[in-house]
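Residue-level listing of the chains:
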Amino acid sequence: MQPYAAAAKVLIVEEDFTGGAIHDQPTRRQWSIDPPFDARVRQLVRDWDARESPELIEEMIVTALKIARDHMSIADLKLINRSVKEMRNAAKIFAPFQHLRKVAIFGSARTPPDSPVYEVAKDFAHQMVLHNFMMVTGGGDGIMGAAQRGAGRAHSFGLNIRLPSEQRANEIIEGDPKLITLNYFFTRKLNFVKEAHAFALFPGGFGTLDEAFEVLTLMQTGKARIIPVVLLNRPRGNYWEQWMKFITNRLFRRGLISKEDFSFFKTTHNVPEAVAEILNFYKIYDSARWVGERFVIRMNNRLSEAAVVNLNKEFADILRKGEIIQGAALPQEKNEPEIWDLPRLIFTPFRSRFGRFRQLIDAINSSSTG
C-alpha cells in the first residue's frame, strides 16, 4: 500500500482538541497596550502577510510585550519561550497530515522484543495502518518501537523527550522528519492529546499510568474531545485487570468516580477487538463541538426518526432543557466547510457526566439510519 494512498476517502477536518469547550472567547480578540503600539503591532502583522487569523498573531505579540513589563525571572521567560517554540515546531510537523486520523500509543520503553506484548503492539499498529490510521508514539524503544515497526516509518510520528540520562529514538523513526524532540513532558502530552483520534495503552510504568490518567481526566472533565481508549495486553495477561481492581475498589466503591466513567475505555487482549472498538467509534459519529450552550454531534449518516426518539428516552438525564434534535449545521459552524453537509444531533446538556456523552456516542453508532 502506498503511504496515505487510501486516506483521501476519509474526511478529517482540523479540530480543536477541546471539542470547542472553550466557548466563551470572542471571535475577534480585544486587546490594547497603547494606541501607538497597537497600530505598530497591526502593521507588523500586515507586513508579515499573516493572512490566517491575524488577530491571534497580534494577540500573541501583545502577550509577549506584556511579559516584558511583568518583571519575570529569567527562568520563567525561558520556560515560556521554549514552550511556545516547541508547540510551534510540533504543529508545523503535524500540519501536512491533518487529513489522517492518528492513534497515540503508550507503553513501557523497557518491553523486550521477545515479549508477547511486544508482538501485540506491533500487530495492532500494523492493523490500524491498514485502516488508514497513523501511529504517534513517544519515539523510544519497547512498546513504542514495536508499534512503529508494525506501522512502518512512513506512517509513524515520534514525540521524543530529552532526559538527563541518555535518550535515543528507536531505529524506525530515528532521523525521520516526523520525529519531534521535546524538552517538557507537558508539551509532549499536550501534543499527544491534541493530535490523537484514539489512544491505545499497553502495560507500562509511571509514565504510562500518568498518560492514562491524564487522558481519562481530560475526557471526564470535558476538557478534551471524547475519543476511544483501548487498554491492550498479551493473551492471559492481567496488568489491566489488576489496574481495574484498584479503580473499582479504591475509586468507584468510595464514590470517587462514577459508573459511567468506565465507559471511557475498553480492556482487551485481542487485536481485532481493539481495532473494531476504534473503527466502530467512527462508524456513524464523526466529531462534535460546543456552540454556546448547545452540543453539536456531526454524523456520517442521518438517524431514523425512531432512533432519535430512543436517544431522547435513554439520555433524558443529561438534557438541561429541550430535547435531542436532528438537523443541519448551525451558522456558527461555517468555519468548517468540509463537513457542512453532515447531519447533526443538537441538544443542550448539563456540562457534567461526560461518561454519559461517551455512552451516547456508542448508542448513536448502534442506531438505525434512514
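Residues numbered from 1 in each chain as written. Predicted model: local features only at pLDDT ≥ 70, side-chain atom pairs only at ≥ 80, totals over all residues. Heavy atoms only, no water.

(A) Representation of the packing of aromatic side chains in the model. The full count for this structure, using the stated rule, is 20 aromatic pairs. On the numbers, 4.8 Å between centres and 85° between planes, the contact of Y239 with W240 is edge-to-face. When its relative accessible area of 24% is taken as the criterion, Y239 is described as partly exposed. On the accessibility criterion, W240 (0% relative accessible area) is buried. (Phe/Tyr/Trp six-rings, centres within 6.5 Å; stacked < 30°, edge-to-face > 60°. Buried < 20%, exposed > 50% of the residue type's maximum accessible area, 1.4 Å probe, protein only.)

(B) How the structure looks around a nonpolar patch on the surface. Side chains of M72, I74, L77, I80 and V84 sit close together on the surface and give an oily, nonpolar patch of about 400 Å² of accessible area. Summarising the element assignment, I74 is placed in helix α3 (residues 74-94). On the basis of relative accessible area, I74 is assigned to the exposed category, the value being 56%. (Patch = residues over 30% accessible without salt bridge, like charges linked within 9 Å, V, L, I, M, F, W, Y side chains within 5 Å. Areas by Shrake-Rupley, 256 points an atom, 1.4 Å probe, with all protein chains shown as cover. Salt bridge = Lys/Arg side-chain N within 4 Å of Asp/Glu carboxyl O. Helix = DSSP H or I, 4+ residues; strand = E, 2+ residues; numbered from the N terminus.)

(C) Structural context of the nonpolar core. In this structure, F199, I297, L303, L311, L345 and I364 are the most contacted members of the largest nonpolar core, which totals 60 residues. Residue contributions to this core peak at six residues, all from helix α11 (residues 354-365). Residues in contact with I364, not counting those within four places in the same chain, are I284, I297, M299, L303, L311 and L345. In this structure, A121, A146, A274 and I278 belong to the second largest nonpolar core, which totals 25 residues. (Core = buried A, V, L, I, M, F, W, Y, C linked by side-chain atoms within 4.5 Å. Contact = heavy atoms within 4.5 Å.)

(D) Structural view of unusual backbone geometry. Even without a glycine there, the phi angle at N132 is positive, about 70°. Structurally, the position occupied by N132 is in the loop between α4 (116-130) and β2 (134-137).

(E) Quick peek at the pattern of salt bridges. Scanning the model with the defined rule gives 22 salt bridges in all. A salt bridge links E58 to R42; its shortest N-O distance comes to 3.9 Å. With a gap of 16 residues between them, E58 in helix α2 (residues 54-68) and R42 in helix α1 (residues 35-47) connect regions that are remote in the sequence. For E58, a relative accessible area of 5% gives the class buried.

(F) Broad picture of helix α9 (residues 271-281). All of the buried residues along α9 are V271, A274, V275, E277, I278 and F281. Seen along its axis, α9 keeps its buried residues to an arc of 155°; they face one direction. Measuring from the side-chain oxygen of the N-cap residue of α9 to the backbone nitrogen of E273 gives 2.9 Å; that N-cap residue is N270. (Arc of directions from axis to C-beta. Polar contact = N/O pair within 3.5 Å; in protein donor to acceptor, adjacent residues only side chain to side chain.)

(G) Main features of helix α5 (residues 143-151). With respect to burial, α5 is a largely interior element, eight of its nine residues being buried. Two residues or fewer after α5 comes G152, characterised by a positive phi angle close to 90°.

(H) Summary view of the sheet that holds strand β10 (residues 319-327). Taking strand neighbours across the sheet as the criterion, the four strands line up as β8-β9-β11-β10 in an open arrangement whose pairing is antiparallel. Each edge of the sheet is formed by a strand with only one pairing partner; in this case those strands are β8 (285-291) and β10. Pairwise comparison of adjacent strand axes, ignoring direction, gives a mean angle of 15° for this sheet. Two elements, strand β9 (residues 294-299) and strand β11 (residues 344-349), share four bridges in a ladder whose sense is antiparallel. Within β11, the residue paired with F295 across the bridge is F347. (Pairing = 2+ DSSP bridges. Axes fitted to C-alpha atoms, helices over the stretch in contact; angles between N-to-C directions.)

(I) Region of the structure containing the side chain of S156. Mapped onto the elements of the fold, S156 is located in strand β3 (residues 156-161). Note on S156: relative accessible area 0%, which makes it buried. Engagement of the side chain of S156 in a polar contact is seen with the backbone oxygen of G152, the distance being 2.7 Å. Residue contacts for S156: discarding those within four places in its chain leaves M134, M135, Q148, A151, I173 and K178.

(J) Spotlight on the packing of α4 against α5. Between α4 and α5, whose axes approach to 7 Å, the crossing angle comes to 40°. With respect to the hand of their crossing, α4 and α5 are arranged in right-handed fashion. Residues V117, Y118, A121, K122, A125, H126 and V129 of α4 touch α5, and the partners they reach there are I143, G145, A146, A147, R149, G150 and A151. Split by residue class, the contact of α4 with α5 holds nine nonpolar, three polar and two charged. (Left-handed = near helix turned anticlockwise from the far one by under 90°. Nonpolar A, V, L, I, M, F, W, Y, C, P; charged D, E, K, R; others polar.)

(K) Geometry of the sheet that holds strand β4 (residues 179-182). Ordered by their spatial adjacency, seven strands build an open sheet running β4-β3-β2-β1-β5-β6-β7, and the pairing between neighbours is parallel. The sheet terminates laterally at β4 and β7 (266-268), the two strands that pair on one side only. Taking each pair of neighbouring strands and ignoring which way they run, the sheet shows an average axis angle of 20°. Pairing geometry for strand β5 (residues 198-201) and strand β6 (residues 229-232), over three bridges, is parallel. From the neighbouring strand, F199 faces β6, where its bridge partner is V229. Against the sheet, helix α6 (residues 185-195) makes contact with β1 (102-106), β2, β3, β4 and β5, and its axis sits at roughly 160° relative to β3, the strand it touches most. The strands touched by α9 within the sheet are β1, β5, β6 and β7, with β7 carrying the most contacts at an inclination of about 155°.

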